[in-house]
Amino acid sequence: MSHKITRKMDLNSDDFYVEVEAPLVAERFRAGNFTILMTVPHGERIPMSIMKAEDGKISMFIKKLGKTSRELYKELDTFENVIGPMGKPIDIKNYGTVVVASDLVCGHAENYAICKALKEAGNKVISYQTFPTEKEIYPEEVLANDVCDEFHLTTEDGSKGEEGHYIDLLEERLENGEKVDIVFAGGSLPNLKELGEMTKEYNIPTIVTVRQIMVDASGMCGACRVFVDGEMQLACIDGPMFDAHKIDWGAALRRPKMYAEMEKVALEHCKELGRCE
Ligand SMILES: Cc1cc2nc3c(=O)[nH]c(=O)nc-3n(C[C@H](O)[C@H](O)[C@H](O)COP(=O)(O)OP(=O)(O)OC[C@H]3O[C@@H](n4cnc5c(N)ncnc54)[C@H](O)[C@@H]3O)c2cc1C
Ligand code: FES
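Numbers given for residues are sequential positions, taken from 1 along each chain in its written order. Chain letters start at A and ligand numbers start at 1, both assigned in the order the entries are written. The model is predicted, so local features are restricted to residues of pLDDT at least 70 and side-chain atom pairs to those at 80 or more, both for listing and for counting; the totals for chains, interfaces and linings are taken over all residues.

1. With respect to the sheet that holds strand β13 (residues 182–186)
- Only strands joined by at least two bridges in the DSSP assignment are considered to pair. The helix count covers DSSP runs of H or I at least four residues long, the strand count covers runs of E at least two residues long, and both are numbered beginning at the N terminus. Sheet architecture is open: seven strands sit in the order β12-β11-β10-β9-β13-β14-β17, paired in mixed fashion. This sheet does not close on itself; its edge strands, each paired only once, are β12 (162–163) and β17 (241–243).
- The pairing of strand β11 (residues 150–155) with β12 spans two bridges and is parallel. Looking at β12, one finds that T155 is bridged to E163.
- Think of it this way: build a C-beta for each residue from its backbone, and any pair within 7 Å is a contact. As a rule, the C-alpha atoms of each element are fitted with a line to give its axis, helices using only the stretch in contact, and angles between N-to-C directions run from 0 to 180 degrees. On top of the sheet, helix α3 (residues 105–120) reaches β9 (97–102), β10 (124–131), β13 and β14 (206–209); it is set at about 160° to β9, its chief contact.
- Of the strands in this sheet, β9, β10, β11 and β12 touch helix α4 (residues 166–175), which is tilted by about 145° from β10.

Shown next as structure tokens:
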């Protein structure tokens, strides 16, 4: 079944926004779930975080990386398939004061969805969204400022908003003795590792998205395995969010680079065909 793309817009020079008709996914979506996209018949299945699910449509933030995302940006106005919702939603309850933080495309999508769900559950929700510079900041309409109680837009070079990465700003907050009951975060994997090391010192539970390569996304192939507290977990069905203090980060950081050579060849071929830029 083909799914119509109802809105596509640039978020910055690398990332774009896509809204697509997917009523079955939208109806059952819970914060923490993701979707699997097939852009063309027999194409690869790629996982994507969901920012918003409303009126039978889901919205996503997508980075122009390799063949599939670039072809989608340039050529496509439908998806062959939009599957899900996949994965395990977060436990939505009143934790008290919650920090939700992100510094990359997928994390920014999750930031919006998690803030919205936890605010509706009665939490005090503090959102941090970090971008490298002013140039990369997304349009205000898709930031989490409307779905949290306290919003921090930060740039690493200080060109707009507060200066610094969310890890440093959150650490300052904790050093000042401010209360935080739990942290949810997504985005750059090395930064999520560092976040976990920092919050562990303050004994603050920290749940982060571990993006791993997914092939079938149904628990059959083992490609997305993550080791948590010494046990093998599958990001596609047991995750993708796990306790940052218990993840085997060495393995989690190595695995996503496994197919880099093949991805390069696929992108070159797509460019030769004129379907990618
Ligand atoms: C749970 C989850 C949520 C994600 N959410 C987002 C999101 O919101 N926005 C976004 O832009 N990206 C997201 N990703 C990553 C996204 O799936 C890849 O960027 C996409 O598959 C790239 O495909 P490509 O053909 O354009 O690039 P390729 O050249 O094929 O790959 C570029 C890089 O993307 C990653 N990747 C490629 N294929 C897969 C795959 N099948 N599964 C997981 N990662 C892959 C690898 O790190 C790879 O090196 C998410 C991944 C996971 C696992
Ligand atoms: S992607 Fe195959 S088990 Fe998760």
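2. Digging into helix α5 (residues 189–201)
- Expected span of a helix: the number of residues minus one, times 1.5 Å. Between the first and last C-alpha of α5 there are 19 Å, a value that for 13 residues agrees with the 18 Å anticipated at 1.5 Å per step.
- Comment: burial labels come from other C-beta atoms within 10 Å of the residue's own C-beta, placed from the backbone, where a count of 20 or more is buried, 12 or fewer is exposed, and between is partly exposed. Within α5 the residues assigned to the buried category are L189, N191, L192, L195, G196 and T199. Buried residues of α5 fall within an arc of 150° about the axis and therefore sit on the same side. Opposite its buried face, α5 presents the exposed residues P190 and E201, each directed more than 90 degrees away.
- Looking at the packing, one finds that the buried side of α5 touches α4, β13, β14 and α6 (249–254).
- N203, located one to two residues past α5, shows a positive phi value of around 60°. Arc definition: it is the arc formed by the directions from the helix axis to the C-beta atoms.

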